[in-house]
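Now for the letters of each chain:
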Amino acid sequence: MISHKDLKGVVFDIKRYAIHDGPGIRTTVFLKGCPLSCQWCHNPESILPQPEPAIRFSRCTLCGRCIEVCPENAISKNEDHVRTDFDKCIRCGKCVEVCPASAREIIGKEMSAEEVMAEVRRDILFYDESGGGVTFSGGEPLMQSEFLTAILEKCRNDNIHTAVDTTCYADESLVLEIAEKADLFLCDIKHIDPKKHLQFTGVDNKLILSNIKKLSETAEVIIRIPVIPGFNDDIDNLKATAEWICGLEKPCPVNFLPYNSGGTEKVKRLAHKMRIIVSKRPDDGQLRKSVELYENQFGLKAIIDG
Amino acid sequence: MTPRVQKLRQQSIEIKPFISSERAEMVTEFYKSGIPLKVSVPVCRALAFKHIMENKTICINDGELIVAEKGPSPKATPTYPELCCHDTEDLRILKTRNKTRFEVSDEVMKVYEEEIIPFWSGKTLREKVFASMDKKWNQAFDAGVFTEFMEQRAPGHAIQDDKIYHKGLLDLKAEVAKRLSELDFFEDPRAYEKEQEYQAMEIVADAAITFARRHAELALETAKNESDPQRKKELELIADVCNHVPANAPRNFHEALQMYWFIHLSVTTELNTWDSFNPGRLDQHLYPFYKKEIGRGTLTEEQARELLECFWIKFNNQPAPPKVGITEEQSGTYTDFALINTGGVNPDDGSDAVNELSYLILDVVSEMRLTQPSACVQVSAKNPKRFLNKACHVIREGFGQPSVFNTDVIIQEMLQDGKSIEDSRAGGPSGCVTVSAFGKESCTLTGYMNWGKIFELVCNNGIDPNSGIQVGPQTGDPRQFKNFEQFVRAYEEQLRYFIDLKIRHNNIIERLFANFMPAPFMSLVMSDCIKKGLDYHNGGARYNPTYIQGVAMGSVADAMTAVKYHIFDNKTFGMDELLSAMQTDFEGFDDMRNKLLNHTPKYGNDDDYADSMAELLFELYYKNLNGRPNTKGGKYRVNLLPTTVHIYFGSVVGALPSGRKAGMPLSDGISPEKGSDVKGPTAVFKSAARIDHSRTGGTLLNMKFNPQVLKSEIDIEKLCDMIGTYFRMGGHHVQFNVIKAETLRRAQAEPQQYRDLIVRIAGFSDYFVDVGKDLQDEIIARTEQNLA
């Protein structure tokens with residue numbers, strides 16, 4: 001086995017007591033970087049692969065401490081807000097350190113695989129009690145495949161259950177390589193229609209669907225459908241998606257993930273601007289109907305959240 | 001809920017608490033009679049009790065099945081002037097304050113002015129207590145280093161066990177008579193004291209029986225004029241029940257509940273002991289009656305539920321006696337910590353004790369949604385998982401009940417205190433979170449110790465910055481400390497000084513109660529007072545620990561961490577600079593405060609650096625307090641809970657090196673400082689489990705959950721697993737508030753819309769709109785666990 005001791009990756013969050021990312025109580029490690037640009041993205045801060053500055057303007061008290069410490073003079077102030085020139089910003093984090101209101105942050109941190117493991121191991125007691133483990137999410141964790149592989153191997157050594165939450169938008173060979181190292185895959189089907197998929201996520205779904213098919217033949221897979229009202233919650237798409245799942249050799253269980261508006265809030269804080277479409281949280285009754293549809297008409301196992 | 005229960009519950013919620021001067025008048029009348037001068041102290045107390053029980057106004061409320069009130073009618077609140085006498089200013093504040101108001105009629109005011117106050121002034125036990133405290137004690141008390149429960153309330157925290165379901169008061173009286181006849185006035189130098197105590201017990205047993213029979217008579221009389229044949233039958237049944245219990249052991253489920261209720265009223269009428277007096281493990285005590293009657297078909301599950309609900313309402317009809325010496329801002333509470341237990345293990349063999357009634361009681365809790373009584377589940381590894389699961393479903397409803405306790409650790413805690421394995425298994429949490437051997441223990445909580453104030457005194461060489469008075473010993477100018485160990489030594493010296501000060505004076509107060517305020521009724525029902533011929537307040541009970549509750553572990557752990565991290569380990573800034581910042585409440589020290597708040601390890605995040613400080617604080621407290629003798633043959637022990645005192649304690653403590661500003665509330669129980677736990681609930685649990693709970697007598701952990709994370713059955717299973725993990729790590733207790741902060745803010749703005757919003761505060765639940773604004777703010781700010 002190769003030593004991955006010094007391998008580093010960019011992690012933008014580690015969330016403990018993640019209860020909707022696979023079985024049991026889990027820790028979810030969010031890896032930065034994503035090849036898709038979904039218009040409803042829940043984690044827009046995950047898209048760029050490198051660390052990036054972010055500012056919560058609502059917290060800023062205009063004290064100006066950031067301006068004083070910025071070595072690049074990238075920050076200036078006018079009457080009602082602080083302006084940051086992101087082209088000048090070198091992501092040194094000095095402004096973050098001095099900000100008394102915790103308004104400034106650098107999203108994404110370089111961590112070694114061992115550092116990630118140290119965090120992951122902290123909740124082993126909870127995993128054991130609940131049949132949980134660790135989930136790698138993002139972004140697209142496969143974009144940092146070497147780093148991901150290193151951590152997956154360490155988890156296997158420690159007998160910690162692993163799940164990979166992936167878009168499946170990656171080379172088939174890579175997907176199958178990771179399939180051998182992880183215990184569970186959480187794969188999104190965002191839309192069954194390739195055109196719509198391309199229009200709203202920036203990529204075609206052909207590779208995604210073929211990877212899911214391959215994966216489902218060798219690994220345990222849960223299919224996750226982010227329910228975005230107005231985009232993919234129509235009955236035709238739901239049915240077509242269910243039919244596709246039923247066509248798999250081993251039809252996978254389905255989790256419906258209701259849209260939340262977190263992304264629209266988060267994108268305001270970022271330097272890198274993207275368009276986020278605003279939707280609304282799907283109606284609970286509607287979600288339950290979708291579950292019933294999948295269970296009764298298609299014989300699929302389906303739940304909300306997951 | 002049956003229409004009967006609905007009506008009684010509504011009435012119980014709607015009637016406003018009011019002060020009744022009846023008990024005060026009767027006690028005054030009795031003490032004026034000259035009898036107290038002619039008899040021994042225990043007999044005097046017994047006769048005072050008899051005078052009240054024979055003469056107080058009684059009532060049977062329309063529709064109720066379980067009868068008798070502490071005052072003349074529901075929500076009437078008696079007072080205890082022989083212990084502490086309200087003055088006219090107290091009564092005026094009670095009547096006019098915004099929160100926890102008590103109606104005080106003009107008549108009551110007049111009686112107080114003309115009769116009660118003139119007679120008791122200078123004679124109350126409270127005055128005796130304060131007269132016995134020296135200058136150093138008073139300085140520390142005034143500075144807010146500690147509080148003293150017994151300055152105005154009788155020691156309590158006793159819980160009833162199963163004996164009253166096997167023995168009536170006549171049986172207990174027969175035991176007393178036998179002991180009396182066996183007294184040896186030749187060989188036993190305490191024979192006279194025992195004789196007087198036994199005589200007092202006989203008097204109070206008869207008085208309680210008389211009290212019940214008065215209800216039987218009233219029931220029959222009411223039945224005569226009752227036109228509804230159904231109600232007439234019920235009243236006749238009530239008469240039969242009240243004639244039988246508490247004189248005799250109960251014969252059925254209904255009588256068992258009524259039996260307990262008469263015992264409850266007797267104990268809480270005798271003295272103003274904490275109303276945490278409660279039936280303890282109700283599912284265990286009632287189960288034999290339930291099983292027998294269900295088997296015979298004389299009781300249905302629905303009838304049992306209705307009786308339990310009538311019983312629940314009885315607790316809610318008794319507001320806690322309000323304090324004396326109150327201020328406008330002080331917001332009391334109507335609740336008095338009665339905590340009904342379900343679940344746990346069987347005393348004899350330690351096997352799973354969960355039964356059908358355990359589940360039925362959880363249903364009752366869920367339907368009643370009352371602040372009193374509170375309920376908890378005892379969870380052992382031996383219990384089925386579905387029991388905790390059921391409890392979590394009730395928790396999800398979001399009114400703070402039931403709290404969850406770890407039976408297996410509780411048993412260890414009691415064994416550690418020298419209790420027998422059977423007594424340990426038969427016990428559980430009483431009141432807030434403190435464990436006791438039910439029916440066999442005088443578990444005295446004597447007051448809170450303000451670790452935050454002690455820390456502040458370390459920083460100021462023993463001088464209280466609020467007054468300039470040298471309150472603590474001179475432990476050196478911290479600017480001269482060369483290393484962190486010196487700082488810790490200074491902290492321990494201050495701590496030791498105040499523990500000594502507290503214990504020395506506490507031992508006096510214990511004697512004052514033993515000598516002047518014996519409790520013959522409590523002694524009758526608590527093993528082994530009869531056997532020993534000793535009063536409950538004098539070491540008569542089988543076990544007699546005294547607790548001094550440590551407060552603000554989280555806040556002080558953060559303060560200690562900051563000192564170690566910034567001053568000694570990283571030398572970010574000097575002690576002089578830090579002390580200046582604390583003196584000015586961080587005015588002009590924004591950068592420093594930012595570092596302290598946002599770039600320093602904090603307790604509650606599963607961070608070894610900070611958590612080891614919590615451990616250190618616990619060990620220092622334990623080392624200096626645990627095992628020291630009290631005057632009742634028991635020992636001082638450690639527990640960590642605040643009720644609501646962390647707000648008062650915070651108000652007297654200046655800025656702390658954690659970045660906390662002067663006057664802000666301190667952390668409660670073993671919960672982290674509010675807002676400082678950012679790694680989610682598993683991290684909080686791990687931090688909280690760092691201290692050795694089995695060497696305490698109880699710890700309190702508050703968690704606030706957003707209802708979003710408890711939506712599905714799977715979510716609830718995961719919550720159960722998380723609690724299970726905390727308990728496997730040795731955690732003692734956890735309680736949850738499942739409410740959104742925005743809901744609370746709305747309730748604060750429009751209290752009239754949220755009359756029935758109940759929140760878990762600290763070992764008890766209360767109506768949110770009834771608590772003071774400072775406490776409301778604190779509940780809102782308490783970290784909303786940031787869950788996925």
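Owing to the predicted nature of the structure, the values given are computational and were not obtained by experimental measurement.

Quick one: what's the story with the sheet that holds strand S10 (residues 636–639) of chain B, residue by residue and with numbers?
Residues and elements named next belong to chain B. Strand order in the open sheet formed by 3 strands is S8-S9-S10, and the pairing between neighbours is parallel. Looking at which strands have only one partner, the edges of the open sheet turn out to be strand S8 (444–450) and S10. Between one strand and the next, the sheet's axes are offset by a mean angle of 30 degrees, whatever the strand orientation. Relative to S10, strand S9 (residues 546–551) is paired through 4 bridges, and the arrangement is parallel. Along S10, the bridge assignment pairs Ile548 with Val638. Packing against the sheet, helix H26 (residues 608–625) makes contact with S8, S9 and S10, and its axis sits at approximately 165 degrees to S10.

Describe the domain arrangement of chain A, naming the residues involved and giving the relevant values.
Residue and element names in this part refer to chain A. Along its sequence, chain A is organised into domain 1 (8–49 + 108–304) and domain 2 (53–106). Averaged C-alpha coordinates put domain 1 and domain 2 at centres separated by 33 Å. Facing the 5 residues of domain 1 at the interface are 7 residues of domain 2. A combined buried area of about 510 Å² lies between domain 1 and domain 2, and 54% of that area is made up of carbon and sulfur atoms. Three residues, Gly108, Arg269 and Ala271, lead the burial of domain 1 against domain 2; their summed loss comes to 83% of the area buried on that side. The tally of links between domain 1 and domain 2 comes to 0 salt bridges.

Describe in detail the packing of helix H2 (residues 22–32) of chain B against helix H4 (residues 41–55) of chain B, supporting the description with residues and values.
Residue and element names in this part refer to chain B. At a closest axis distance of 9 Å, the pairing of H2 and H4 adopts a crossing angle of 130 degrees. Considered as vectors, H2 and H4 are oriented oblique to each other. Taken as a pair, H2 and H4 cross one another with a handedness that is right-handed. Taken together, the residues of H4 that come into contact with H2 (itself represented by Arg23, Met26, Val27, Glu29, Phe30 and Tyr31) are Cys44, Arg45, Leu47, Ala48, His51, Ile52 and Asn55. In terms of residue class, the contact of H2 with H4 is built from 8 nonpolar, 2 polar and 3 charged.

Give a description of the sheet that holds strand S12 (residues 733–738) of chain B that names residues and reports values.
Residues and elements named next belong to chain B. As summarised here, the arrangement of the 5 strands in space is S3-S4-S5-S12-S11, forming an open sheet in which the pairing is mixed. Only two strands of the sheet have a single partner each, and these edge strands are strand S3 (339–343) and strand S11 (702–705). Within the sheet, the average angular offset between the axes of one strand and its neighbour, ignoring direction, is 25 degrees. Bridge count between S3 and strand S4 (residues 374–379): 5 bridges; the pairing is parallel. Opposite Ile340, over in S4, you have Ala375 as the bridge partner.

So what about the interface of chain A and chain B? Which residues, and what values?
The interface of chain A with chain B comprises 28 residues on the first partner and 28 residues on the second. Approximately 2,500 Å² of surface area, both sides summed, lies buried where chain A meets chain B, with 49% of it carried by carbon and sulfur atoms. Scanning the region where chain A abuts chain B turns up 6 salt bridges. Applying the counting rule to chain A against chain B returns 17 residue pairs in polar contact (both at pLDDT 80 or more). Breaking the side of chain A that touches chain B down by element, the ones donating at least two residues are strand S1 (8–18), helix H2 (94–98) and helix H4 (124–130) of chain A. Looking at the side of chain A that touches chain B element by element, the count peaks at 5 residues for H4 of chain A. The residue makeup of the side of chain A that touches chain B, split by class, is 12 nonpolar, 5 polar and 11 charged.

Which residues make up the packing of helix H12 (residues 253–270) of chain B against helix H14 (residues 301–316) of chain B, and what are the values?
A packed helix pair is summarised by two numbers, namely the angle formed by the two axes and the spacing between the axes. Residue and element names in this part refer to chain B. Axis separation between H12 and H14 bottoms out at 10 Å; the angle between their running directions is 10 degrees. Between H12 and H14, the crossing angle belongs to the class labelled roughly parallel. Counting all contacts with H12, which are made through Phe253, His254, Leu257, Tyr260, Trp261 and His264, the residues of H14 involved are Ala304, Leu307, Leu308, Phe311, Lys314 and Phe315. A breakdown of the residues in the contact of H12 with H14 according to their chemical character gives 9 nonpolar, 2 polar and 1 charged.

How would you explain the pairing of strand S5 (residues 403–406) of chain B if you had to name every residue and give the values?
Residues and elements named next belong to chain B. Burial along S5 is two-sided: Ser403 and Phe405 facing one way and Val404 and Asn406 facing the other are all buried. Pairing of S4 with S5 involves 4 bridges; the strand directions are parallel. Looking at S5, one finds that Cys376 is bridged to Ser403. Between the parallel pair S4 and S5, the chain is carried across by helix H16 (residues 385–396), and the sense of this crossover is right-handed. Sheet topology places S5 next to S12; 2 bridges connect them, and they run antiparallel. Counterpart to Phe405 in the pairing with S12 is His733.

How would you explain the pairing of S12 of chain B if you had to name every residue and give the values?
With respect to burial, S12 of chain B is a largely interior element, 6 of its 6 residues being buried. With burial as the criterion, each face of S12 of chain B is covered, one bearing His733, Gln735 and Asn737 of chain B and the other bearing Val734, Phe736 and Val738 of chain B.

Please give an account of the packing of aromatic side chains that cites residues and values.
Residues and elements named next belong to chain B. Counted under the stated rule, the structure contains 38 aromatic pairs over all chains. Judged by centre distance (4.9 Å) and plane angle (85 degrees), the ring pair of Phe119 and Trp120 falls under edge-to-face. The same class applies to Phe119 as to Trp120, namely buried. Measuring from ring centre to ring centre gives 6.3 Å for Trp261 and Phe311, while their planes differ by 80 degrees; the resulting arrangement is edge-to-face. Residue Trp261 is located in helix H12, and its partner Phe311 is located in helix H14; the two are separated by 50 residues in the primary sequence. Overall, the relative accessible area of 0% leaves Trp261 in the buried class.

Could you give me a rundown of the side chain of Asp611 of chain B, with the residues and numbers involved?
All names here are of chain B. Secondary-structure assignment places Asp611 in helix H26. One buried charge, Asp611, has no salt-bridge partner; the nearest side chain with opposite charge is Arg690, at 4.7 Å. Setting aside chain neighbours within four positions, we find Asp611 in contact with Tyr603, Gly604, Asp606, Ser687 and Arg690.

So what's going on with the side chain of Ser442 of chain B? Residues and values would help.
Residue and element names in this part refer to chain B. With respect to the helices, strands and loops of the structure, Ser442 is situated in the loop between strand S7 (434–436) and S8. Within polar-contact distance, the side chain of Ser442 engages the side chain of Thr444 at 3.4 Å. Contacts of Ser442, omitting those with residues within four sequence positions, involve Tyr536, Ala541, Tyr543, Asn544, Pro545 and Lys632.

So what's going on with the pattern of salt bridges? Which residues, and what values?
Per the counting criterion, the structure on display carries 69 salt bridges over all chains. Asp123 of chain A is the partner of Arg16 of chain A in a salt bridge, and the nearest nitrogen-oxygen pair spans 2.9 Å. Taken as a pair, Arg16 of chain A in strand S1 and Asp123 of chain A in the loop between helix H3 (113–121) and H4 lie far apart in primary sequence, 107 residues in all. With respect to burial, Arg16 of chain A and Asp123 of chain A carry one shared label: buried. Of the charged contacts in the structure, one is a salt bridge between Arg695 of chain B and Asp692 of chain B, with a shortest N-O distance of 2.8 Å. For Arg695 of chain B, a relative accessible area of 18% gives the class buried. Assessed through its relative accessible area of 28%, Asp692 of chain B is described here as partly exposed. Taken together, the shared-partner salt bridges in this structure form one network comprising Arg16, Arg122 and Asp123 of chain A together with Asp606, Asp608, Glu615, Lys686 and Arg690 of chain B.

Account for helix H9 (residues 235–246) of chain A, naming residues and giving values.
All names here are of chain A. In this model, H9 (12 residues) spans 16 Å end to end at C-alpha, consistent with the 16 Å of a helix rising 1.5 Å per residue. Buried within H9 are the following residues: Asn237, Leu238, Thr241, Ala242 and Ile245. Buried residues along H9 cover an arc of 135 degrees about the axis, so they all sit on one side. Exposed side chains of H9 directed beyond 90 degrees from the buried face belong to Asp236 and Glu243. Its buried side turned inward, H9 meets strand S11 (221–227), strand S12 (254–258) and helix H11 (284–297).

With reference to specific residues and values, describe the nonpolar core.
Judged by nonpolar contacts, the single largest core of 218 residues is most densely connected at Phe253, Leu308, Phe487 and Tyr491 of chain B. Ranked by residue count, the leading element in this core is helix H10 (residues 191–224) of chain B, at 14 residues. Grouped together as the second largest cluster of nonpolar side chains are 65 residues, Val116, Ile212, Ile223 and Val291 of chain A included.

Break down the state of the cysteines for me, citing the residues and quoting the values.
Residues and elements named next belong to chain A. Evaluated as defined, the whole model comprises 0 disulfides over all chains. Unpaired in terms of disulfides, Cys92 finds its nearest cysteine sulfur in Cys70, a separation of 6.2 Å. Cys187 supplies the cysteine sulfur nearest to Cys252, a cysteine that is in no disulfide, at a spacing of 7.5 Å.

Parameters at a glance
- Residues numbered from 1 in each chain as written.
- Chains lettered and ligands numbered in written order.
- Predicted model: local features only at pLDDT ≥ 70, side-chain atom pairs only at ≥ 80, totals over all residues.
- Heavy atoms only, no water.
- Pairing = 2+ DSSP bridges.
- Helix = DSSP H or I, 4+ residues; strand = E, 2+ residues; numbered from the N terminus.
- Axes fitted to C-alpha atoms, helices over the stretch in contact; angles between N-to-C directions.
- Contact = heavy atoms within 4.5 Å.
- Domains from an automatic or database assignment.
- Buried area = accessible area lost by both parts, 1.4 Å probe.
- Salt bridge = Lys/Arg side-chain N within 4 Å of Asp/Glu carboxyl O.
- Parallel < 35°, antiparallel > 145°, perpendicular 65-115°, else oblique.
- Left-handed = near helix turned anticlockwise from the far one by under 90°.
- Nonpolar A, V, L, I, M, F, W, Y, C, P; charged D, E, K, R; others polar.
- Polar contact = N/O pair within 3.5 Å; in protein donor to acceptor, adjacent residues only side chain to side chain.
- Buried < 20%, exposed > 50% of the residue type's maximum accessible area, 1.4 Å probe, protein only.
- Right-handed = clockwise from strand over helix to strand, strands pointing away.
- Phe/Tyr/Trp six-rings, centres within 6.5 Å; stacked < 30°, edge-to-face > 60°.
- Lys, Arg positive; Asp, Glu negative; His and termini not counted.
- Expected span 1.5 Å × (residues − 1).
- Arc of directions from axis to C-beta.
- Core = buried A, V, L, I, M, F, W, Y, C linked by side-chain atoms within 4.5 Å.
- Disulfide = S-S within 2.5 Å.

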